[in-house]
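# Fold and contact review
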Amino acid sequence: MSNTNQIPREDGMDHSLSLLREGYMYILNRRRSFQSDIFETRLLGNKVICMGGKEAAEVFYDTEKFKRKNAAPNRAVQTLFGKNGVQSLDDMEHKQRKEMFMSIMSPDQLKKLIHITKEQWQSAGNKWRDKDEVILYDEVQELLCRSACQWAGVPLPEEKTTELSKDLGAMFESAAKVGPSHWKGRNARNQVEKWIGDLIEMVRSGNVQPPENSVLEQFVWHRNSVGNLLDTKTVSVEIINILRPIVAIAIYVNFLALALHHHPEETKKLKTTDKKYHELFIQEVRRFYPFFPFVAALVKKDFTWKGYTFKKDTLTLLDIYGTNHDTSIWDNPDRFNPKRFENRKENLYDFIPQGGGDYFLGHRCAGEWVTLEVLKVSLDFLVTQIKYEIPDQDLSFSMDSMPSIPNSRIVMKNIKKLF
């Protein structure tokens, strides 16, 4: 009797258009229809294995079974990740590069970022009082761009702030787009890489002195395993891998505001309970609303899991959104309920809005702690520091647009500071 099972297979020649049409729901829809956490399909003419759930995540983040090099499609490399970034590395090379990132996630560095972000929110709030209305998504992208650059030690002229925030935004907004929208992201990356590259060269020539222990200083002078400085382009890519994700937190901030609007009873709780409830609320926003749809890897070597055979170099997608809405993990996953995180035992593989596994050794997002701290500051400001109105507008968001953002980007009116 054979111990090998046949992976459920989606009929048809290619399902790339279905992926574009269904977006975040593509993998989850088929997991439900197949009643299986694993299935095989074809995307862009290639065989692809899709999987989701806690056990699938544990396997996916096993570095003995999967690798990241050459897994991301070129369109994502040219917009979202950049060439030779930490996301595309494996084994010792990845470990050493990841250590560079984790070295700037110390408590002192995070405290510095918290302080900077608070100042930027206060400054933005002062400006908003004089405006008839603001578009929250655009405003938060700019304030987070300022925060990111100040924290990283990247000098940012005020006249360049709007341009840079839009360019960094275009990188993550365009990865799944086609046509002019996609090329906007590619052009944005090329421009920012050159700008950061010129700055790196000025630091190395002694013409610019970065703040001590800043991201800029540490990345510029970081040496690889053989003692060589990283090349200018790679350092530029990795500095952008600090700036871009912080600006992308604007998506989560928009969903914070949306959740507050749709669940006014939560606003009352946030104003009257301790800060611990703020954390529960933030985690539920990260679980409930769409952010990353899935992540990609290649099978490192042939192996068998649950009787299914994985062949070397097969592209495999892990369902991020679907795992965070998995009924075997979450009770009523389509219901917004922050209290589900109360007394919840932490697990590295069942709550994965920014990837799973170990921060230091695996491919879990190095900036997840940054995301949480920035969201704590942002939520506190929206709940306790200002009053505002949300006029009638299109607050819906699309599950087939990646990333998904409320259509109106959340218009706020009559903003008043409380302190």
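All of these numbers come straight from a predicted model, not from anything done at the bench.

### Things to note about empty space enclosed by the protein
With the rule as written, the count across this model stands at one cavity of 30 Å³ or more. Space inside the largest cavity adds up to approximately 30 Å³. Lining the largest cavity are Tyr252, Arg286, Arg287, Tyr289, Phe291, Phe292, Ile320, Tyr321, Asn324 and Pro353. When contributions to the lining of the largest cavity are tallied by element, the ones reaching two or more residues are helix 13 (275-288) and helix 14 (320-323).

### Observations regarding the UniProt feature "binding site: heme" (unreviewed entry) in the chain
Sites flagged by UniProt as "binding site: heme" (unreviewed entry) map to Cys365. Looking at the element boundaries, cysteine 365 is found in the loop between helix 14 and helix 15 (368-385). Since its relative accessible area comes to 24%, cysteine 365 is described here as partly exposed. For cysteine 365, the residues in contact, after removing those within four places along its chain, are Gln354 and Tyr359.

### Considerations on the packing of aromatic side chains
Applying the stated rule across the entire model yields 24 aromatic pairs. Plain terms: the ring middles of tryptophan 330 and phenylalanine 351 are 6.0 Å apart, the flat faces sit at 75 degrees to each other, and that makes the pair edge-to-face. Taken together, the residues span a long stretch of sequence, with tryptophan 330 in the loop between helix 14 and helix 15 and phenylalanine 351 in the loop between helix 14 and helix 15 at a distance of 21 residues. Here tryptophan 330 matches phenylalanine 351 in class, with each residue buried. The rings of Phe60, Tyr61, Phe66, Phe303, Trp305 and Phe310 are connected pair by pair, giving a single aromatic cluster. In this structure, lysine 65 is placed above the aromatic ring of phenylalanine 303, and the distance from its NZ or CZ to the ring centre is 5.7 Å. The lysine or arginine in question, arginine 287, covers the ring of tryptophan 330, its NZ or CZ lying 5.5 Å from the ring centre.

### What about the sheet that holds strand 1 (residues 38-43)?
Judged by pairing direction, the sheet is mixed, and its five strands sit side by side in the order 1-2-8-5-3 without closing on themselves. On the outer flanks of this sheet lie strand 1 and strand 3 (66-67), each paired with one strand and no other. With two bridges connecting them, strand 3 and strand 5 (residues 294-299) associate as antiparallel partners. Residue pairing for strand 5: phenylalanine 66 is matched across the bridge by valine 299.

Criteria and cut-off values
Residues numbered from 1 in each chain as written. Predicted model: local features only at pLDDT ≥ 70, side-chain atom pairs only at ≥ 80, totals over all residues. Heavy atoms only, no water. 1 Å grid on protein atoms, 1.4 Å probe; cavity = no way out; pocket = protein on both sides within 12 Å on 5 of 7 lines; lining within 4 Å. Points joined across faces, edges and corners; volume = space filled by probe spheres on them. Helix = DSSP H or I, 4+ residues; strand = E, 2+ residues; numbered from the N terminus. UniProt positions renumbered as here; feature names shortened; annotations may be inferred. Buried < 20%, exposed > 50% of the residue type's maximum accessible area, 1.4 Å probe, protein only. Contact = heavy atoms within 4.5 Å. Phe/Tyr/Trp six-rings, centres within 6.5 Å; stacked < 30°, edge-to-face > 60°. Lys NZ or Arg CZ within 6 Å of the ring centre and 35° of its normal. Pairing = 2+ DSSP bridges.

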